[in-house]
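Summary of structural features
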Amino acid sequence: MVDDEVRTAAFRIEPMNMGDIERCVELEQLLFPEDDPWHAVAFRSELAGRHNRYITARDEDGRMVGYAGVALLGDAAHPEAEVHTIGVDPNYHRGGIGTLLLEALLAEAGKRGGPVFLEVRTDNAPAIALYAKHGFHIIGLRKNYYHPSGADAYTMRRPELTALPLPDEVLS
């Protein structure tokens, strides 16, 4: 889980708990009405998965205004992560909350190393730009990925962000 609460401006990032599921479902209905929004059972299942990390963004009054989740996959020798979801209350769009959530997920994934993958609708230009800003590149296209709308998704990958050894010629 997220070890420390991250505070920025009037928002804080903290681990999601079972009490947050109702609000997540409400936000899913607002954000993804045409693409089979997650139900409570899906969030319960995700929170129960020992390899998953889910977080929330809360305003200064404690109201959840965003949520996100990542799966930490692979093993110690070959770790990888997959961003499962990021959702921000439409009233708070363009306020930096998506960035805070993504950065918290990437920090969690970075503890283990390895590349990070995600899928994003091909028509979601703001999200694609956010991911590109954080080192993700489009590596594939999944036709009709989202149901029932049939919208396509890009698969994006951020390579492992570890320092490579410098070549000998640079060191001399």
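Preceding block: the structure.
The structure contained in this document is the topic of the report that follows. Owing to the predicted nature of the structure, the values given are computational and were not obtained by experimental measurement.

Our focus in this paragraph is the overall build of the chain. Within the chain one finds five helices and eight strands. Ordered by position in the sequence, the α and β elements of the chain form the string β-β-α-α-β-β-β-α-β-α-β-β-α. A burial count over the chain gives 45% of its 172 residues as buried. Summarising the internal contacts of the chain: among those between residues at least 6 apart in sequence, 57% fall at separations of at least 24. Accessible surface computed for the chain: about 9,600 Å², of which carbon and sulfur atoms make up 52%.

This brings us to the pattern of salt bridges. What the rule picks out here adds up to 13 salt bridges. Note that R58 and D20 form a salt bridge whose closest N and O atoms lie 2.4 Å from each other. Placement of R58 in strand β3 (residues 52-58) and of D20 in the loop between β2 (11-15) and α1 (21-31) is noted, with a sequence separation of 38 residues between them. With respect to class, R58 is no different from D20; both count as buried. Put simply, E26 and R63 hold a salt bridge, and the shortest N to O gap is 3.8 Å. Taken together, the positions of E26 in helix α1 and R63 in the loop between β3 and β4 (64-74) put the pair 37 residues apart, joining distant regions of the chain. Classification of R63 as partly exposed rests on a relative accessible area of 42%. Here the salt bridges do not stand alone but share partners, grouping R12, E14, D20 and R58 into one network.

Residue P148 follows H147 across a cis peptide bond; omega there is 10 degrees. Mapped onto the fold, P148 is located in the loop between β7 (137-142) and β8 (153-158). Phi is positive for R94, close to 65 degrees, though the residue is something other than glycine. As for its placement among the helices and strands, R94 is situated in the loop between β5 (79-88) and α3 (97-110). Judged by relative accessible area, which is 77%, R94 ranks as exposed. One non-glycine residue, N144, lies in positive phi territory at about 55 degrees.

Conventions adopted
Residues numbered from 1 in each chain as written. Predicted model: local features only at pLDDT ≥ 70, side-chain atom pairs only at ≥ 80, totals over all residues. Heavy atoms only, no water. Helix = DSSP H or I, 4+ residues; strand = E, 2+ residues; numbered from the N terminus. Buried < 20%, exposed > 50% of the residue type's maximum accessible area, 1.4 Å probe, protein only. Contact = heavy atoms within 4.5 Å. Areas by Shrake-Rupley, 256 points an atom, 1.4 Å probe, with all protein chains shown as cover. Salt bridge = Lys/Arg side-chain N within 4 Å of Asp/Glu carboxyl O.

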